[in-house]
Amino acid sequence: MDAIKATTILAVRRDGMTALAGDGQVTLGNVVMKRTASKVRTLYNGTILAGFAGSAADAFTLFSRFESKLEAHKGKLLRSVVELAKDWRTDKVLRQLEAMLVVADTEQMFVVSGNGDLIEPDEGVVAIGSGGSFAYAAARALLQHTKLSAEELALEAMKTAADICIYTNQHISVEVLRRDV
């Protein structure tokens, strides 16, 4: 999987809460064009979280396709994301898109790429983008050594990534889902 530059997206699950965080920086080459972009959103009546790394136009195309899959499959995340990955891999136009997605609900989370990759993490943490490995490492350490909520943990891990990755900034958006108990 090639690394997508220019953003960081992190999903974390803990104690019935799923948090998806993204930074707000948009770069064009080595110039920061925008600091306050929103790269994470809720879908399907607030039951699914999605975030992107890569080209914004390509990501919006994928969001639209993914929302159609969610509608067609009545919000079933696994079925919808498998169908999106199949389309992405086999469609000539979609294969040219330069973006990656993280999608999650209260039970599952996945990374989806145009290579046909569909990855579900083992430990309830996943990250993509140029600062993804920094956020991932920070989140794993915080999971093991703190009692922070998923939302707090995602925010702190993203701050760490922003301190290290030049393509990630401190303007962090976090969306949260809570499992009904």
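Read on for a plain summary of the structure.

Definitions and limits used
- Residues numbered from 1 in each chain as written.
- Predicted model: local features only at pLDDT ≥ 70, side-chain atom pairs only at ≥ 80, totals over all residues.
- Heavy atoms only, no water.
- Helix = DSSP H or I, 4+ residues; strand = E, 2+ residues; numbered from the N terminus.
- Buried < 20%, exposed > 50% of the residue type's maximum accessible area, 1.4 Å probe, protein only.
- Lys, Arg positive; Asp, Glu negative; His and termini not counted.
- Salt bridge = Lys/Arg side-chain N within 4 Å of Asp/Glu carboxyl O.
- Contact = heavy atoms within 4.5 Å.
- Pairing = 2+ DSSP bridges.

### Considering the side chain of D58
Tracing the chain through its elements places D58 in helix α1 (residues 56-72). For D58, which is buried and forms no salt bridge, the nearest opposite charge comes from R65, at a distance of 12 Å. Aside from chain neighbours lying at most four places away, what touches D58 is Q96, L97, E98 and A99.

### Section: the environment of G129
With respect to the helices and strands, the residue G129 is situated in strand β10 (residues 125-129). Between the C-alpha atom of G129 and that of R13, which follows or precedes it by 116 residues, the distance is 19 Å.

### Quick word on the pairing of strand β1 (residues 8-14)
Summarising burial for β1: 7 of the 7 residues are buried, a large majority. Residues T8, L10, V12 and R14 point to one face of β1 and I9, A11 and R13 to the other, with burial holding for every one of them. Examined bridge by bridge, β1 and β10 share 5 bridges and lie antiparallel to one another. The residue of β10 that forms the bridge with V12 is V125.

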